[in-house]
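Examination of the molecular architecture
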Amino acid sequence: MSQEKILKGKAYVLDDKIDTDQIIPACYLTLVPTIPEERVALGSHALSGLPERYPRFVKEGESKCEYTFIVAGRDFGCGSSREHAPVALSAAGVKAVIAESYARIFFRNCIMTGSLFPLETPVKLNERVKNGDELTLDLENNTVILPDGEKISLTPLGAAGEVIEAGGIFEFARESGMISK
Amino acid sequence: MGQTITEKIIAKHAGKDSVIPGETVWVSVDLVMTHDVCGPPSFAIMEREFGSDAPVFDREKVVLIPDHFIFTKDPASIRNVDLLRGYAKRKNIKYFYDPANETYRGVCHVGLPQAGHCRPGELVIGTDSHTCTYGAFGEFSTGVGNTDAGFVLGTGKFLLKVPRSLLFLFEGKLPKGVMGKDIILTSIGRIGSDGATYCTMEFRGSAISDLCMDERMTICNMAVEAGAKNGIIAPDEKTREYLKGRTAVPYTEYQSDPDACYAAKYEFKAEELVPVVAKPYSPGNVCPVKEVAGTKLTQVYIGSCTGGKTADFKAAAEVLKGRKVKIRTIITPATKEVAASLDAEKIDGQTLREIFEAAGCDPIQPPSCGACMGGPIDTYGRTMADEVVVSTTNRNFPGRMGSMQSQVYLASPYTAAASALFGVLTDPREVL
Ligand code: SF4
């Protein structure tokens, strides 16, 4: 995980209950995230299962999106246990998701892989932010700054934060002496 | 203070006397399950971190059970099963159920209990969200991603935040036409599809005790559709009976204490339950079948880890016996053992297979996940356009069964079969 504490970039805004079939449809699950080319391919299909009312997330023929953040509502990442979901978003260039709440396995997969910051917001940020808005995320102070300068506090990650800080479950276990270095 | 069954199992595996919800503990794992979709990436992560010749933590505590994309010509799917085969050989894994030979079983969540891998009091993780199914046997069981699995494969250890428990109490006798599927859909409908996020759903009461193991599995299977970490039902005589002849490994039974602490309790009178469906596009979008009766359908799907077990096909056959289906009806047994039961189980002298054939169902499919999650384009029963399906599976998100234009209603095998007779959503009590 990058050690940058301030992240800036565009937001892609979603509704409540975006499930893993929408994040990465089942037909791409044969792609193996640990094989570099297949990881890139996963990124190019990120969010390709969304209904048509959303603008395309990754443009035709490209492997990266133009967004740094996903801003979503409740229960983001519900559905299957596929780690392909956070990996696809990360491979497409997303650094953090800011949602009202997460499905447990998606949240856990973000932490364990260290691929994305899954941050929780107590307010309905997806009603305040528009697609393409520029946001600034301050990870040190757990705040996000909106285009008009307003600062919104995010829920601290707690124990899970320690695992992300370490860089994922393996590094965390090495640091705590659970497995050898 | 008393402990719930889930807390007791976690405490035991953390080497502690008790645990409290919210606490994070390392637990030792009794079994790791993975399949053809998540196995290959989990193995790659395990070998990247521990080295390519690193052994698994215990060759007898890992189960590799390919089931998702089996009956397809898709090259990547075939490659993934090969990767499982290679790993099983390299790591000398004791339990690999290979589609290329007679050890093949079918869908993991039905195959594992049938093969005797599920026992009360144990702690299981699997790389599939419906791993929570095994909670029907009074064990703690939850789904994880590949990195978690890669870690556990190497260490046998799992970092776990102790969940709060929610109690779902069903007292009384279920009316005719109402099944385990209606119990779980009603529960999810009550609390919403994120109503149990990070929590345990514990099911109890005389209506639960009355259910056979297949039906209890249906209930725990869908706990994740309310966001739960695990679903659990305490073991009893029926559990012991099921395990006889399937496992010789001794196990410990746990029960929740009378003064155990629950974050919430939901009580239901079993007599008042009715057949329900989950409408598109969420398992939490639940209403009585009566409210949507008459909705036109194009396809019926009876299969999957949720609704493709022997008890499910018996229920469907009870409705279809001596009648004809009006629309395409697909029968996909979850496992080989279930498939064999279609020839062994009889209603009034007719086997289930004969009943389905006489009713005009599609040719019975080989056991696997089938079209439950769509899958490769050549998957039998996968939706290709704007089909409207009633299905005994567990998810109805947009595109779940293939086409983004299709719609899926989740229902019990009774409701699915009754609807097959008329080509519209039908309350099964009208035909039973
Ligand atoms: S039958 Fe469906 S829900 Fe069950 S394991 Fe297979 S794909 Fe998943």
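About the thresholds
- Residues numbered from 1 in each chain as written.
- Chains lettered and ligands numbered in written order.
- Predicted model: local features only at pLDDT ≥ 70, side-chain atom pairs only at ≥ 80, totals over all residues.
- Heavy atoms only, no water.
- Near = heavy atom within 4 Å.
- Nonpolar A, V, L, I, M, F, W, Y, C, P; charged D, E, K, R; others polar.
- Domains from an automatic or database assignment.
- Pairing = 2+ DSSP bridges.
- Helix = DSSP H or I, 4+ residues; strand = E, 2+ residues; numbered from the N terminus.
- Right-handed = clockwise from strand over helix to strand, strands pointing away.
- Buried < 20%, exposed > 50% of the residue type's maximum accessible area, 1.4 Å probe, protein only.
- Expected span 1.5 Å × (residues − 1).
- Arc of directions from axis to C-beta.
- Contact = heavy atoms within 4.5 Å.
- Salt bridge = Lys/Arg side-chain N within 4 Å of Asp/Glu carboxyl O.
- Core = buried A, V, L, I, M, F, W, Y, C linked by side-chain atoms within 4.5 Å.

Comments concerning the site of the ligand
Residues and elements named next belong to chain B. Lining the immediate environment of the ligand, one finds His-68, Val-107, His-109, Asp-128, His-130, Ser-304, Cys-305, Cys-369, Cys-372, Met-373, Asn-394 and Arg-400. Of the residues assigned to the shell around the ligand, the class counts are five nonpolar, five polar and two charged. Counting contributing residues, the shell around the ligand receives three or more from each of domain 1 (5-268) and domain 2 (277-430).

Considering the pairing of strand β4 (residues 117-120) of chain A
All names here are of chain A. Of the strand pairs in this sheet, strand β3 (residues 96-99) and β4 are connected by four bridges, and their pairing is parallel. Bridge pairing links Ile-98 to Leu-119 in β4. Read from β3 through helix α4 (residues 104-113) to β4, the crossover connection turns out right-handed.

Quick look at α4 of chain A
All names here are of chain A. With nine of its ten residues buried, α4 lies for the most part within the structure. Listed in full, the buried residues belonging to α4 are Arg-104, Ile-105, Phe-106, Phe-107, Arg-108, Asn-109, Cys-110, Ile-111 and Met-112. In the segment just after α4, Gly-114 is the residue with positive phi, at about 65°.

A short note on unusual backbone geometry
All names here are of chain B. Cis geometry marks the peptide bond from Pro-280 to Tyr-281, where omega comes out at 0°. Tracing the backbone through its elements, the reader meets Tyr-281 in the loop between β12 (276-278) and β13 (286-288). Unlike most non-glycine residues, Tyr-198 shows phi in positive territory, near 70°. For Tyr-198, the position within the fold is in the loop between α6 (180-191) and β9 (200-204). With a phi angle near 45°, Asp-348 is a residue other than glycine that sits in the positive phi range.

Regarding helix α3 (residues 75-90) of chain B
Owing to its 3.6 residues per turn, the α-helix brings residues three or four apart onto one side. Residue and element names in this part refer to chain B. Its 16 residues place the ends of α3 22 Å apart at the C-alpha level, agreeing with the 22 Å of an ideal helix rising 1.5 Å per residue. Looking at α3, one finds that the buried residues are Ser-77, Asn-80, Val-81, Leu-84, Tyr-87 and Ala-88. Looking straight down α3, one finds its buried side chains confined to an arc of 120°; they lie on one side. Of the exposed residues in α3, the ones pointing more than 90 degrees away from its buried face are Pro-75, Lys-89 and Arg-90. Its buried side turned inward, α3 meets α2 (39-50), β3 (62-64), β4 (95-96) and α5 (146-155). Two residues or fewer after α3 comes Asn-92, characterised by a positive phi angle close to 55°.

Side note on the pattern of salt bridges
Pairing is possible between side chains that carry opposite charge, provided their charged atoms lie close to one another. Under the criterion given, the structure shown has 42 salt bridges over all chains. Taking the shortest distance from any N to any O, the salt bridge between Glu-202 of chain B and Arg-204 of chain B comes out at 3.3 Å. Since its relative accessible area comes to 3%, Glu-202 of chain B is described here as buried. Note that Arg-246 of chain B is salt-bridged to Glu-337 of chain B, the shortest N-O span being 3.1 Å. Within this pair, whereas Arg-246 of chain B is found in the loop between α9 (237-243) and β11 (264-269), its partner Glu-337 of chain B is found in helix α13 (residues 336-344), the two being separated by 91 residues in sequence. Note on Arg-246 of chain B: relative accessible area 27%, which makes it partly exposed. Several salt bridges share partner residues, and in doing so they unite Glu-171 and Arg-174 of chain A together with Arg-48 and Glu-49 of chain B into one network.

Overview of the nonpolar core
One finds Phe-168, Phe-170, Met-201, Phe-203, Leu-320 and Phe-356 of chain B to be the most contacted residues of the largest nonpolar core, which totals 98 residues. Summarising the domain contributions, this core has at least three residues from each of domain 1 (5-268) and domain 2 (277-430) of chain B. The residues touching Phe-170 of chain B, leaving out its near neighbours within four places in the chain, are Ile-183, Ser-187, Phe-203, Arg-204, Gly-205, Ser-206, Ala-207, Ile-208, Phe-268 and Leu-273 of chain B. Formed by 70 residues, the second largest nonpolar core is a distinct cluster that contains Leu-29, Tyr-67, Val-87 and Phe-106 of chain A.

So, the environment of Ile-191 of chain B
Residues and elements named next belong to chain B. Here Ile-191 shows up in helix α6. The exposure class assigned to Ile-191 is buried, which follows from its relative accessible area of 14%. Along the primary structure Ile-191 and Gly-284 are separated by 93 residues, whereas in three dimensions their C-alpha atoms are 8.1 Å apart. Not counting chain neighbours up to four residues away, the residues in contact with Ile-191 comprise Phe-168, Ala-196, Met-201, Ala-226 and Tyr-266.

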